[in-house]
Amino acid sequence: MEGVPSESLREGFGGLETASSRAVAATPDPAGSRLRRRKAIDRAARWIITLIASTAIAAVALIFLFLAREAFPILTSAAVHEEVTLGKMIFPQPWREGEPAYYAWQPVSKVPKYSLLPLLVGTFKVALIALIFAVPVAVLGAVFTSELAPRRVREIVKPAVELLAGIPSVVLGFFVLMVLATHLQDLFGLQYRLNTIVAGIGLGLTIVPVIFTLSEDALTAVPQRYREAAFALGASRTRTAWSVVLPAASPGIFAAIVLGFGRAMGETMIVLMASGNAAILSWDPTLPVRTVPATIAAEMGEVVVGGPHWTVLFVLGVLLLLLTIGFNGLSGWYVRRLRQRLGGTS
Amino acid sequence: MRLERGILLFVAILALASCKPPRRAEGRDPSRGPSTLTIKGSDTMVMLAQRQAEAFMEKNPGVSVQVTGGGSGTGIAALINGTTEIATASRPMKASEKAQVEERRGRPAVEHAVALDGIAIYVHESNPVPHLTLDQIKRIYEGRIRDWSEVGGSPGRITLYSRENSSGTYAYFKEAVLEDEDFDPRTQPLPGTAAVVNAIARDPRGIGFGGIAYGGGVRALPVKKDESSEAVVPSLETVTAGTYPISRKLFMYTAGEPTGLAAQFLEFALSPEGQQLAEKAGYYPLRPTNRE
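Residues numbered from 1 in each chain as written. Chains lettered and ligands numbered in written order. Predicted model: local features only at pLDDT ≥ 70, side-chain atom pairs only at ≥ 80, totals over all residues. Heavy atoms only, no water.

1. Quick notes on the overall build of chain B
Then, number 1: Within chain B, the secondary structure is distributed over 10 helices and 12 strands.
Then, number 2: Counting all 292 residues of chain B, 53% fall into the buried class.
Then, number 3: Of the contacts formed within chain B by residues at least 6 apart in sequence, a portion of 72% connects residues at least 24 apart.
Then, number 4: Accessible surface, chain B as shown: approximately 13,200 Å² in total, 53% of it carbon and sulfur. (Helix = DSSP H or I, 4+ residues; strand = E, 2+ residues; numbered from the N terminus. Buried < 20%, exposed > 50% of the residue type's maximum accessible area, 1.4 Å probe, protein only. Contact = heavy atoms within 4.5 Å. Areas by Shrake-Rupley, 256 points an atom, 1.4 Å probe, with all protein chains shown as cover.)

In structure tokens:
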């Protein structure tokens, strides 16, 4: 994709040169027409650049439009309403005779039940555990590599952490499923081998490099004079890192954490493999959990195209997209505010 | 400003372009490739169709049979859309699906029973429970029986495993054993029988279900139809004789009476040779074959 625009740009500028040189030779009043041509070419170039720049925006907008189009029947289609409405997805539903209404996710059933709550709670629960696991590791690791580590250590640690981002999530998932889950169960005597903690740790491994890299960038961006001032006051390296550099970089680190949270909410493969996938409405981290993306991945392959179940899965997709966009927007806004308050240049 | 208007215009153009609904491929021309046959559907039946397809291709040089899984629903959807000639399904087609086939393809769906399958109830090999009745299994999966000691095992909370709700095995179990009641929310769905067996082999308190063809580290429990009947071990004999309580037919569907290659293939699948292949692949022939 990147080759095309640069080529067309080059063509545009090449055209400029030949056109202007010819213009000099042919016309009696070269200055006016040359200016006009230049302006035209300038406009064309700007258009091309605009077009390229808006491709990314267009992609997001179109994905959203596509999801929304498939999810829309939840509001309008009578055929879908026979099985499910937004109300049924939000409020508890009667589920067994003699038992109180419950938030059940049982889409393949005589009376299909599509409660969102267990999936949403599950998605947040797993992502939170991933954060609890990943944030200390990643942030402290970033402080260490950028502030304290000798250069030789830094040159090993940094690429190693970044390499972690290159491990396919399905491989991580496989490791977590086959090895880690059994060890954790033996260690803590858990009833469920696959549970939220296991999946959360697996997810944590995938977001450590995200948070680490961005935090490291934020720390490195703290102006050198802050450190020099701290050293001049007699602070040690550790003290400087902890009390001066880390607070100064906090908006960037906060943004990194929120971005990691968004990644964790959307990550599919590891949770699909290691979470047990049972849709239980509970904050208990030792129970299995079913997340929104895992549900879409597990169920999309088999549903009737355009049917109620299909529509509900697209509603889930819209919800997930809105959640991640919302989190990113929120973090952007908060970071800007934090930066203004700190008055820093980081 | 101009730039912003440009962006908006570009997005709008793309949006308009995407609005033309790229709806579903047209029905496949049956004469498209006279030498190609596609079979799509039940994951349970992939092995069956694959073995039969291999032998069929060997007997008919120049013919190519493509077998893919995805699940019974996927196969039936493909039959409705006309992207497969034969749909395999480990459950009978629903009335709504039959209506869709007739509507979209202009011909009624034709059902061909090709083999039998049984659902085995798996527990860890160290689990001392001697057998379970259908009713006990149902109550276990509904979450009404929660401890192994309630069904004659050693005390310990039962961990429930099932198949993903997109699988034919799930639908069949739910219908035949749970009588359409819902699963306990704590039931952990897994993507295949191999995954179920693998999970139970690592979980002494686990119970799960799946095809009979699998094993290792787990024990297939004898099942009683009710309190007074005999406990039956899932096996070739008990499934074909129909005495094992959780057994089912496996189907292949065509839109209209099969013609050409599809007809030849189905004939082969039902021939003694095809049935023997089914048995070798871990399924059960429709009738006990004459085995010397």
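Now that the structure is up, let's keep going.
2. With respect to the interface of chain A and chain B
Then, number 1: At the interface, 48 residues of chain A touch 43 residues of chain B.
Then, number 2: Summing both sides of the interface, chain A and chain B together bury roughly 3,800 Å²; the carbon and sulfur share of this comes to 51%.
Then, number 3: At the junction of chain A with chain B, the criterion picks out two salt bridges.
Then, number 4: Residues A:Lys113 and B:Asp182 are paired through a salt bridge, measuring 2.6 Å at the closest nitrogen-oxygen approach.
Then, number 5: The interface formed by chain A and chain B contains 11 residue pairs in polar contact (both at pLDDT 80 or more).
Then, number 6: Looking at the side of chain A that touches chain B, the elements with two or more residues in it are helix 2 (30-71), strand 1 (105-106), helix 8 (169-188) and helix 13 (292-299) of chain A.
Then, number 7: For the side of chain A that touches chain B, the element with the most residues is helix 2 of chain A, which contributes 14 residues.
Then, number 8: A breakdown of the residues in the side of chain A that touches chain B according to their chemical character gives 24 nonpolar, 12 polar and 12 charged. (Buried area = accessible area lost by both parts, 1.4 Å probe. Salt bridge = Lys/Arg side-chain N within 4 Å of Asp/Glu carboxyl O. Polar contact = N/O pair within 3.5 Å; in protein donor to acceptor, adjacent residues only side chain to side chain. Nonpolar A, V, L, I, M, F, W, Y, C, P; charged D, E, K, R; others polar.)

3. Describing the packing of helix 9 (residues 196-220) of chain A against helix 11 (residues 237-266) of chain A
Residue and element names in this part refer to chain A.
Then, number 1: One way to put it is that helix 9 packs onto helix 11 with a least axis distance of 8 Å and a crossing angle of 150 degrees. Here helix 9 is positioned roughly antiparallel relative to helix 11, judged by the angle of their axes. Helix-helix and strand crossings are classified by hand; for helix 9 and helix 11 the assignment is right-handed. Contacts between helix 9 and helix 11 pair Leu203, Thr206, Ile207, Val210, Ile211, Leu214, Ser215, Ala218 and Leu219 from the former with Val245, Leu246, Ala249, Gly252, Ile253, Ala256, Ile257, Leu259, Gly260, Arg263 and Ala264 from the latter. (Axes fitted to C-alpha atoms, helices over the stretch in contact; angles between N-to-C directions. Parallel < 35°, antiparallel > 145°, perpendicular 65-115°, else oblique. Left-handed = near helix turned anticlockwise from the far one by under 90°.)

4. Let's talk about the packing of aromatic side chains
Then, number 1: All chains considered together, the criterion is met by 17 aromatic pairs over all chains.
Then, number 2: Pairwise contacts between aromatic rings join B:Tyr141, B:Tyr170, B:Phe173, B:Phe183 and B:Phe209 into one cluster. (Phe/Tyr/Trp six-rings, centres within 6.5 Å; stacked < 30°, edge-to-face > 60°.)

5. Some words on the domain arrangement of chain A
Often, the extent of an interface is quoted as the loss of accessible area upon association of its parts.
Residue and element names in this part refer to chain A.
Then, number 1: The domains assigned to chain A are domain 1 (3-71) and domain 2 (113-342).
Then, number 2: With both sides pooled, the region where domain 1 packs onto domain 2 buries about 690 Å², and carbon together with sulfur makes up 84% of that total.
Then, number 3: Taken as a group, Phe64, Leu67 and Glu70 account for 65% of the area that domain 1 buries against domain 2, more than any other trio of residues on that side.
Then, number 4: In this structure, the connection of domain 1 to domain 2 is made through zero salt bridges.
Then, number 5: Where domain 1 touches domain 2, the interface holds one residue pair in polar contact (both at pLDDT 80 or more).
Then, number 6: Broken down by class, the residue content of the side of domain 1 that touches domain 2 amounts to five nonpolar, no polar and one charged. (Domains from an automatic or database assignment.)

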